[in-house]
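Breakdown of the fold
What follows is the residue order along each chain.
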There are 2 protein chains.
Amino acid sequence: MTNPNITRMSTLYAPTLKEDPTDAEIASHKLLLRAGFIRKTAAGIYTFLPLGKRALSKIENIVREEMDACGAQEIRMPMLQPEELWQESGRADAYGPERMRLNDRHDHEFCLGPTHEELITALVRAELRSYKQLPLNMYQIQTKFRDEIRPRFGLLRSREFVMKDGYSFHDSQESLQEEYDKMYAAYERICERCGLEYRPVQADAGQIGGAVTCEFHALAEAGESALVYCDCGYAASDEVGEGMARPTVYDVPEMKKVATPGVHTIAELAEFLNIPETSTVKALSGKNDEGKLVVLFVPGDHEVNEEKAARVAGGFTLLTDEDMETYGLHKGSMGPVGLPEQAYVIAANSLKAVPKWVVGANEDGYHYVGAELGKDFQVDEWADIITVKPGDCCPKCGLELKGARGIEVAQVFQLGDKYSRAMGATFMNKDGKEQPFIMGCYGVGVSRTLAAIIEQHNDENGMIWPMSVAPAHVCILPLATGDDLVQPAAEKLAEELANLGLEVVIDDRKERAGVKFAEADLMGWPLQVIMGKRGLAEGKVEIKRRSTGERRDISLDALREALGFAKGAQRRWGNSLNAFSPLFTD
Amino acid sequence: MTNPNITRMSTLYAPTLKEDPTDAEIASHKLLLRAGFIRKTAAGIYTFLPLGKRALSKIENIVREEMDACGAQEIRMPMLQPEELWQESGRADAYGPERMRLNDRHDHEFCLGPTHEELITALVRAELRSYKQLPLNMYQIQTKFRDEIRPRFGLLRSREFVMKDGYSFHDSQESLQEEYDKMYAAYERICERCGLEYRPVQADAGQIGGAVTCEFHALAEAGESALVYCDCGYAASDEVGEGMARPTVYDVPEMKKVATPGVHTIAELAEFLNIPETSTVKALSGKNDEGKLVVLFVPGDHEVNEEKAARVAGGFTLLTDEDMETYGLHKGSMGPVGLPEQAYVIAANSLKAVPKWVVGANEDGYHYVGAELGKDFQVDEWADIITVKPGDCCPKCGLELKGARGIEVAQVFQLGDKYSRAMGATFMNKDGKEQPFIMGCYGVGVSRTLAAIIEQHNDENGMIWPMSVAPAHVCILPLATGDDLVQPAAEKLAEELANLGLEVVIDDRKERAGVKFAEADLMGWPLQVIMGKRGLAEGKVEIKRRSTGERRDISLDALREALGFAKGAQRRWGNSLNAFSPLFTD
């Protein structure tokens, strides 16, 4: 019988690659392929080899433990979803071509579940009848499908992936809020236990719907989302963030029209006038849904956030060139002075504190400097219409926002009654009346989290696994596998550590030391135990901590003793990369 | 924080049904629905509710433990399989419409994996290069899809189901045989640990291919396979079984032609002559692949197995009525005496010991009795051409075969090089030559096993879970939930048992005792602890063993002590329904 806590490199299927695969752009994709953790089956579709599968299971189990501790109940819904349910919810068309669809042999329509709101709502609507059965939270850890138009970045944007998705049912908003807060806290613990540096960020609900939502982003250069965050705890994607810009006041005694020949952009204007871009004001014109002319003004160093503008103005569509001509507006020199009567002027909140503006003069080749707010022009409405960026003021505490890129690893939503109402999922409330469920939904990208962990924990030599999710904790490297002393000593130590509850890899291959070292670093085992002939003769081994590169000699006895702490701790290693600190600090 | 070992009926999502669902025909389907373990999403597609999911996970973990102990490595292959791979293996058409197919948004063809021989062969062919890396055994536990034309029997024949499938790679037949034997033994342990009465049976390899194969059948009336088995260990499906029939010799001095007006069947003939059917001989005529006339003779109480006959005769197609007329043959009175010259006569092995036959006279309304073998007619070939049935002689030991119906829960195959050769998956052998892998493949129907367990373990009141796979081990039934004494005592006991490692359900609902009893029986918890006011006043509770219905009073102290045995044993309960025997035998 094989000891399940011991893995032998001689039999492990983990084919390594010497070179970075050409189609891999980011660290996690490269390293998971190079270290033999995953293999591509088709675009965006991967096989998890033994080590990849193990890391995945570790993450799954962390998620499962946290969900179970919250009283959420694990279920398993099918991947094949009847198309009728998507018709009922009204999402059949809205979801678009990312939904993979197929017909069965009787020509019934199905899709491969990208998410399960429809299924779970249909599941409970017939049988969850009374407020007495609420609240209820059910989750699954399961394969999901999204036909990404351009799958890339390995496990970050794939077409078949593993998610935990959970759904809660409530009789009131208060009850939903309570569960939402519980899930939020559980998600923080999940991120921490996985060893992630992360931020919960304000975000957009997208196709899932619902009013209140929060994304959990692992900070990483490879992330597809641009984030702003503050030490006070505020964080948001740049799409929804509410930071205030910091314009630089450029004071002149009186409004002056300046000839600015050939100046069309903010950069050109700032250079021409020799002032910072933050002293200029940018304009954008459009129409709202009622056809009314709307002109927006934002600090010159910021972009208009058209989605925000649309919410403020009641829709916002950019003017066509003909429209601009009709209104007498000039691209590249629009300004608030002398706008057509009918123009509705909206300016960014942060411009309110700027008394004099540098703006277009509504005349080709001319700008105004010192256009005075309230005297030379009026603003109809002040609003948050900018795309926030690092350096802006935090909307919560006013300090400077920092910028980062993030990988969305989880999201929590308050769905309200969007699905229950559309699909007629009601229960009898305390007053004896039928009422649609108030719902929440909670997702963790399990395979994506795996990639995010690697993005945060790697160096030029390979992966650096946090203990909590490492496919194994310790790698024993006997440097002379044929030796009468070394090999048996390595086997004995492996047994001992395995019996302490540690997961041990033993590199029992007849390979050169250099190959063993390189692959151990590549695979990222948290602790390496290097056993050489000379050291062993004195009862000593060398240990190396992958995260820091620290090495030291230690007697086998001291090593065994120091690792004794593992006993009992095996279920919860925490996220610490420092699990082996006691070994290196005496 | 919720104790994950304690389940509360007040919050558990397990909607029960009072009546058997109309579309459920067999016990497992009825009971899994009635007890709220599963719900149907579409024909042959089910959601596993919390209790169903737990039982499923228990089975998965037993399978995982046994595979890991054998050194098999767990992986996770995708469900979406590129159609090209099926073209390469040559199975694309052979597999038929059970394979669910779809195109992605770029019109690339995929199928939903019904099995993974193609994928794993493609996975290793590029990177498993040397005999030094062999043998290798990799498995996954994963969802599979088969578009059954008529899904039925709940989890027994569904369209989306959970399987463990494993594949091994070898450089020789000997190495394959070794792994096959290891897997065979592991499968026996899996069946035992799941509490199944089972038989490994000779079977047909079907579309998977390969020469050597064995199916593991759980014996159950609801099974779709007819089996024969013997106490000596022999077992086979009736399709491939090799038992010998036991004809009854009907001796008459000399061959005699008897008028048998209106007699067309064996039953009519036996009745007319007042002899047992076992004294008659049945005939069947056909053509082999070369068009040659073949006439088969089997004992009257047996059926010709046409697949066996085809293997012996080089193909076998029944004659049409016109063919029969051409040859002068008469349906209902065919016999070996006076057959056309060109007829090739094959008779069942078991007729060899019958010197005189009761057969058709090749003349409407006439039969021969006492037709003597070797004198009145000749047989060209003796062969195994019958469909075996209970009562026949065991081909291994000669004793009487028993009959049973079986549910195929697992199968092991020696694939040989069928896939590796077709798909060009080769390695460098010891002699430095490229050679296709010798492969084995090993499947367990995980969700089907769940159903098979229920088929074997149920009574009129519900399910009876073996400890090893029970969604929980003990159900505590406080009969007065509002009571100051009963409810806290129940909670305390639940905590104590949970801390011993037992999984505990507590029925903390304000329901009538009758409802609690009925649902506890329906859900099938192995042990019930019934806590009433009166007993508790004396420090006593009643315990009930679900498998036998035994009940007894026991002091709380004695119960705690007796269940102490659970400590340490929680990982391996064995398959025993008798885990609680010590409680009932003192």
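For the structure itself, look to the data block above.
Summarised in this report is the structure supplied together with it. What you see is a predicted model, and the numbers here were worked out from it, not measured in a lab.

Residues and elements named next belong to chain A. With an omega dihedral of -5°, the bond running from Leu134 to Pro135 counts as a cis peptide bond. As for its position among the elements, Pro135 is in the loop between helix H4 (117-125) and strand S8 (136-145). One non-glycine residue, Asn274, lies in the positive phi region at around 60°. Topologically, Asn274 is positioned in the loop between helix H6 (266-273) and strand S15 (281-287). Take Asn274: its relative accessible area is 69%, and that puts it in the exposed class.

This paragraph deals with the packing of aromatic side chains. Geometrically, a pair of aromatic rings is defined through the distance of the ring centres and the angle of the planes. Residue and element names in this part refer to chain A. For the structure shown, the criterion picks out 20 aromatic pairs over all chains. When the centroid spacing of 5.8 Å and the interplanar angle of 10° are considered together, the rings of Phe37 and Trp465 count as stacked. With Phe37 in the loop between helix H1 (27-34) and strand S2 (38-42) and Trp465 in the loop between strand S29 (462-463) and strand S30 (474-478), this pair connects stretches of sequence that are 428 residues apart. By relative accessible area, which is 1% here, Trp465 ends up buried.

All names here are of chain A. Across the sheet, which stays open at both edges, the five strands sit in the order S18-S15-S16-S19-S22 with mixed pairing between neighbours. Where the open sheet ends on each side, the last strands, each with one partner, are strand S18 (317-318) and strand S22 (381-383). Pairing of strand S16 (residues 293-299) with strand S19 (residues 344-348) involves four bridges; the strand directions are parallel. Along S19, the bridge assignment pairs Val294 with Tyr344.

What follows is about the side chain of A:Ser89. Residues and elements named next belong to chain A. Relative to the helices and strands, Ser89 is located in helix H3 (residues 83-89). Taking the relative accessible area as the measure of exposure, Ser89 reaches 11% and is therefore buried. A polar side-chain atom of Ser89 sits 3.3 Å from the main-chain carbonyl oxygen of Trp86. At 2.6 Å, the side chain of Ser89 and the side chain of Glu118 are in polar contact. Ignoring anything within four residues of it in the chain, the contact list for Ser89 reads Glu118, Tyr419, Ala422 and Met423.

Now for the interface of chain B and chain A. Contacts between chain B and chain A engage 57 residues on the former and 57 residues on the latter. Interface area, chain B with chain A, both sides summed: about 5,200 Å², of which 61% is carbon and sulfur. Remark: the boundary between chain B and chain A carries seven salt bridges. Between B:Asp104 and A:Arg159 there is a salt bridge, with its nearest N and O atoms 2.8 Å apart. Joining chain B to chain A, the criterion identifies 20 residue pairs in polar contact (both at pLDDT 80 or more). The element that contributes the greatest number of residues to the side of chain B that touches chain A is helix H2 (residues 50-69) of chain B, accounting for six residues. For the side of chain B that touches chain A, the per-class residue count stands at 34 nonpolar, eight polar and 15 charged.

So, how was this worked out
- Residues numbered from 1 in each chain as written.
- Chains lettered and ligands numbered in written order.
- Predicted model: local features only at pLDDT ≥ 70, side-chain atom pairs only at ≥ 80, totals over all residues.
- Heavy atoms only, no water.
- Helix = DSSP H or I, 4+ residues; strand = E, 2+ residues; numbered from the N terminus.
- Buried < 20%, exposed > 50% of the residue type's maximum accessible area, 1.4 Å probe, protein only.
- Phe/Tyr/Trp six-rings, centres within 6.5 Å; stacked < 30°, edge-to-face > 60°.
- Pairing = 2+ DSSP bridges.
- Polar contact = N/O pair within 3.5 Å; in protein donor to acceptor, adjacent residues only side chain to side chain.
- Contact = heavy atoms within 4.5 Å.
- Buried area = accessible area lost by both parts, 1.4 Å probe.
- Salt bridge = Lys/Arg side-chain N within 4 Å of Asp/Glu carboxyl O.
- Nonpolar A, V, L, I, M, F, W, Y, C, P; charged D, E, K, R; others polar.

Distances and angles like these do not, on their own, reveal function.
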